[in-house]
Amino acid sequence: MFSCKQEQKELTGYKYTNALINETSPYLLQHAHNPVDWRPWSQEALEEARESNKLVLVSIGYSSCHWCHVMEEETFEDEAIAKMMNENFVNIKVDREERPDVDHIYMTALQLLKGSGGWPLNVIILPNGKPIYGGTYHTKEQWYQVLTEVSNKYKEDPEKANEYADMVANGIAEVNIIKPNDDFENLNSGVIGESVENWRPYWDLEWGGNLGTQKFMLPANLSFQLDYALLTANDSVLAHVKNTIDKMALGGIYDHIGGGFFRYSTDSRWKVPHFEKMLYDNAQLISLYSKAYKVFREPIYKDIVMGTIAFLEREMKNPEGGYYAALDADSEGEEGKYYVWNQEELKSALKGEYELFSSYFQLNPSDVWENGNYVLFKSMDDQDFKEKNKVSIPDLEQKKTDWNRVLLKTRQKRIRPNTDDKIITSWNALLISGFVDAYTSFGNKEFLNRAEGIYEFISENSYNKNQLVHSYKKGGKAMEGFLEDYAFLTSATLKLYGITMKSKYLRFAQVLNQKVETEFNDPSSGMFLYNKGDELITKIIKTDDGVLPSPNAIMADNLFTLGHISYDVKAINRAKTMLSSMVPLLRDNADSYSVWNSLFLKVAYSYFEIAIVGENASSLIQELNGMYIPNLLIVGSASESNLPLFKNRYVEGETFVYVCQDSACKFPVTTIKDALAQLQNF
């Protein structure tokens, strides 16, 4: 291991090399040749700060973060800045995707200190881990000023700095306090209706999503809204959901040439994205558009799912079976350069097809983005375009196929953005669910094979001695799994069980669930801890959704599902107790608690189990899953089983469908049509 010393140039080819050279995270490796004496997060680094009476500088980011790259190039590669940092601080670099727990603690601190947050996340902490300063991107000049002021103030009055740090740490701890509540009276449809109505004024009824100058897609929000609209027959909510997913599908937030979604829109119209591509976004959006297709039967939703899956297979898949974390926003030092087009490039590639293509993607001078480049987006759907331009749908489909083939081939000649090749367990679990949902919507068996392939990859590479690891990379460090890894994988495995009837998936889900109950349980809150161990300054109880669903909400839903599969009233009541504790928050902040609200729907409205037992169970399960019915658990068995839903219900040579609610079942029927009639008249 080398420090940042000039004499290492002969050995490495670089003027400087620091301790990050021994890491496998692409983000950390990007900083391995900074003159800053970076080291990875460790208790040893904090102990060194204690012994040398230095402050600790913690800088957190991720490989596809544009402004993280900018700050590295402008600031962390500057030798004068590095000298200042090395002399006065112990400097730690953190990949937030590898250590979401560390990121969560200090992002909470930043939000308390500044009112908002972002990445790069730069905090200055005491050797005990408590923060005294937080900020995001800084110019070189700003950074030097911050370092000087904080260092001087600490040296002048360390006691005051400690008092301030204690105050911030207490604030972080308070954010993670949840009061248990087992009063189930509030779990009614009136409360959830109030939650939606409190949210409604913040909806953008023209462009979809929430009002704002930037927009994230947030599939959990849209999935909940869709379920709510269907269960309550609320046409205005349904219209808002459809408008949102339509506008997202037309916008530049979707890569119309290569497939897949970018991370977020920098404007309110979904037009110009921030160009990084994240696995977790695309996994959840496969689920959302697959689900929406069942409801609306819009061909564009199928196109979106197929295009996104094709992108993942082509650009994000590890040859061994898992899927990589992200693609960078930048290439050749410019954000979006790989994805945008100028007029000359398009005319050269498309030749006589350019005029129609230009009309299809609204390539008007007023829509130029930067440096004469266009971000491709559409202002109308294919049906309207066909009528306006006198083109048949089959002809348009063929033209789109030809355009995409030519432009994708042209684009692949460019320098491609870097890939973050970590294989993150929780994100891959979301993709298992995405592939299962795509399979149920479109019947392509290959999608189910891919879902099962990810499960096998995780089982072989990311699960050892009954422990999950959070992030896998060959030759990398085995980081202990977090709650999100166990929760998301349990949920995905239950989906695999529901569609395949393979008991190994149910058993594995039960094992993971028990692991969480044993090792992550927090009796004081009734929730589950985000991470095991106590090396951080406070415990983390993650209850809100962000771009990832709340792991506690997913755990509550897992308990609810497992409880209904096994008739385990204790598990169901644990889920309801967790939900009850969240009612005050979700009533006024529905946009941050949509996964809880999705569970709320299952509790406040009728929830059914359909158990299909017999040799033809698989085909009937597939038929039923081709529809979308909220608040429905579908399970099956092709043979004798002792599970409560199947016990004493297997008859050789027959297949029966049982429609049940709260352990009470209707008389068995033999067709899905009859089962649906029973559902309507239960």
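Notes on the structure in this doc start here.

Thresholds, definitions, all that
Residues numbered from 1 in each chain as written. Predicted model: local features only at pLDDT ≥ 70, side-chain atom pairs only at ≥ 80, totals over all residues. Heavy atoms only, no water. Buried < 20%, exposed > 50% of the residue type's maximum accessible area, 1.4 Å probe, protein only. Helix = DSSP H or I, 4+ residues; strand = E, 2+ residues; numbered from the N terminus. Pairing = 2+ DSSP bridges. Patch = residues over 30% accessible without salt bridge, like charges linked within 9 Å, V, L, I, M, F, W, Y side chains within 5 Å. Areas by Shrake-Rupley, 256 points an atom, 1.4 Å probe, with all protein chains shown as cover. Salt bridge = Lys/Arg side-chain N within 4 Å of Asp/Glu carboxyl O. Lys, Arg positive; Asp, Glu negative; His and termini not counted. Charge placed at Lys NZ, Arg CZ, Asp CG, Glu CD. Contact = heavy atoms within 4.5 Å. Core = buried A, V, L, I, M, F, W, Y, C linked by side-chain atoms within 4.5 Å. Disulfide = S-S within 2.5 Å. Polar contact = N/O pair within 3.5 Å; in protein donor to acceptor, adjacent residues only side chain to side chain. 1 Å grid on protein atoms, 1.4 Å probe; cavity = no way out; pocket = protein on both sides within 12 Å on 5 of 7 lines; lining within 4 Å. Points joined across faces, edges and corners; volume = space filled by probe spheres on them. Nonpolar A, V, L, I, M, F, W, Y, C, P; charged D, E, K, R; others polar.

As for the pairing of strand E24 (residues 655–661)
Now for step 1: Here E24 lies mainly inside the structure; seven of its seven residues are buried.
Now for step 2: Burial of the side chains of E24 extends over both faces: Thr655, Val657, Val659 and Gln661 are buried on one face and Phe656, Tyr658 and Cys660 on the other.
Now for step 3: Examined bridge by bridge, strand E22 (residues 608–614) and E24 share six bridges and lie antiparallel to one another. Within the sheet, the bridge partner assigned to Val613 lies in E24 and is Phe656.
Now for step 4: By the bridge criterion, two bridges tie E24 to strand E25 (residues 664–665) in an arrangement that is antiparallel. In the sheet register, Gln661 faces E25, and the bridge partner there is Ala664.
Now for step 5: In sequence, E24 turns back onto E25 through a hairpin of two residues, with Asp662 there showing a positive phi of about 50 degrees.

Describing a negative patch on the surface
Now for step 1: Negative charge collects at one region of the surface, where Glu73, Glu74, Glu77 and Glu141 lie side by side.
Now for step 2: Mapped onto the secondary structure, Glu74 falls in helix H4 (residues 66–76).
Now for step 3: Accessibility expressed as a relative area gives 37% for Glu74, which makes it partly exposed.

Quick word on the environment of Phe442
Now for step 1: Residue position: Phe442 is located in helix H18 (residues 425–442).
Now for step 2: For Phe442 and Glu623, which are 181 residues apart along the polypeptide, the C-alpha to C-alpha distance reads 11 Å.
Now for step 3: Dropping the residues within four chain positions of it, Phe442 is found in contact with Ser290, Tyr293, Lys302, Val305 and Met306.

A short note on the nonpolar core
Proteins that are soluble and globular tend to have nonpolar side chains buried together.
Now for step 1: Formed by 144 residues in total, the largest nonpolar core has its most connected members in Tyr289, Leu431, Ile432 and Trp596.
Now for step 2: Non-local contacts of Leu431, meaning those with residues more than four positions away in its chain, are made with Leu279, Ala283, Ile286, Leu312, Tyr323 and Ile454.
Now for step 3: Counting 29 residues, the second largest nonpolar core, distinct from the first, contains Met84, Met85, Val150 and Ala165.

What about the pattern of salt bridges?
Now for step 1: Tallying each qualifying case throughout the model produces 47 salt bridges.
Now for step 2: In this structure, the salt-bridge partner of Asp227 is Lys291, at a minimum N-O distance of 3.1 Å. Linking Asp227 in helix H10 (residues 219–232) with Lys291 in helix H12 (residues 279–296), this pair joins segments that are 64 residues apart in sequence.
Now for step 3: A salt bridge links Lys422 to Asp420, with the shortest nitrogen-to-oxygen separation between them at 2.8 Å.

Regarding the pairing of strand E4 (residues 121–125)
Now for step 1: Burial of E4 is extensive: five of the five residues sit out of reach of the surface.
Now for step 2: Covered by surrounding structure in E4 are Leu121, Val123 and Ile125 together with Asn122 and Ile124, the residues of both alternating faces.
Now for step 3: In this structure, strand E2 (residues 55–61) lies alongside E4, joined through five bridges in antiparallel fashion. Bridged to Ser59 within E4 is Asn122.
Now for step 4: Sheet analysis places E4 next to strand E5 (residues 131–135), joined by four bridges and oriented antiparallel.

As for the state of the cysteines
Now for step 1: The tally for this structure, following the rule as stated, stands at two disulfides.
Now for step 2: Between the sulfur atoms of Cys65 and its disulfide partner Cys68 the distance amounts to 2.4 Å. Negative torsions about the S-S bond denote left-handed disulfides, and the value of about 80 degrees found for Cys65 with Cys68 makes this one right-handed.
Now for step 3: Taking the relative accessible area as the measure of exposure, Cys65 reaches 3% and is therefore buried.
Now for step 4: Bridging Cys660 to Cys665, the disulfide has an S-S length of 2.0 Å. Disulfide Cys660-Cys665: the torsion about the S-S bond is 100 degrees, which places it as right-handed.
Now for step 5: Owing to a relative accessible area of 0%, Cys660 belongs among the buried residues under this scheme.
Now for step 6: Taken in sequence order, the bonded cysteines of the chain link in the pattern 1-2, 3-4.

Looking at the side chain of Thr493
Now for step 1: Residue position: Thr493 is located in helix H20 (residues 483–500).
Now for step 2: By relative accessible area, which is 0% here, Thr493 ends up buried.
Now for step 3: Setting aside residues no more than four positions away along its own chain, Thr493 makes contact with Tyr455, Tyr505, Phe508 and Ala509.

With respect to the sheet that holds strand E23 (residues 632–637)
Now for step 1: What the four strands build is an open sheet, ordered E23-E22-E24-E25; its pairing is mixed. Looking at which strands have only one partner, the edges of the open sheet turn out to be E23 and E25.
Now for step 2: Pairing between E22 and E23: six bridges, direction parallel. Bridge pairing in E23 places Glu609 opposite Leu633.

As for helix H16 (residues 382–389)
Now for step 1: Among the residues of H16, the N-terminal cap falls to Asp381, whose side-chain oxygen and the backbone nitrogen of Gln383 are separated by 3.3 Å.
Now for step 2: Of the residues trailing H16, Lys390 is marked for its positive phi of about 55 degrees.

Points about empty space enclosed by the protein
Now for step 1: Counted under the stated rule, the structure contains two cavities of 30 Å³ or more.
Now for step 2: Looking at the largest cavity, its volume works out to about 1300 Å³.
Now for step 3: Lining the largest cavity are 48 residues, and of these Asp437, Ser491, Lys495, Asp557 and Lys602 sit closest to its centre.
Now for step 4: At the level of secondary structure, the elements contributing two or more residues to the lining of the largest cavity comprise H10, H12, H18, H20, helix H22 (551–566), helix H24 (594–604), helix H25 (617–625) and E23.
Now for step 5: Split by residue class, the lining of the largest cavity holds 26 nonpolar, 15 polar and seven charged.
Now for step 6: In this structure, the second largest cavity spans a volume of roughly 90 Å³.
Now for step 7: For the second largest cavity, the full set of lining residues is Gly252, Tyr254, Asp255, His256, Ile257, Phe262, Phe275, Tyr339, Trp341, Val375, Leu376 and Arg411.
Now for step 8: Partitioning the lining of the second largest cavity into residue classes produces eight nonpolar, two polar and two charged.

So, the side chain of Glu97
Now for step 1: One can find Glu97 in the loop between strand E3 (89–95) and helix H6 (100–114).
Now for step 2: In this structure the side chain of Glu97 is engaged in a polar contact, spanning 2.9 Å, whose partner is the side chain of Lys422.
Now for step 3: If we ignore the near neighbours within four places in the chain, the residues touching Glu97 are Tyr62, Met278, Ala325, Asp420, Lys422, Ile424, Trp427 and His470.

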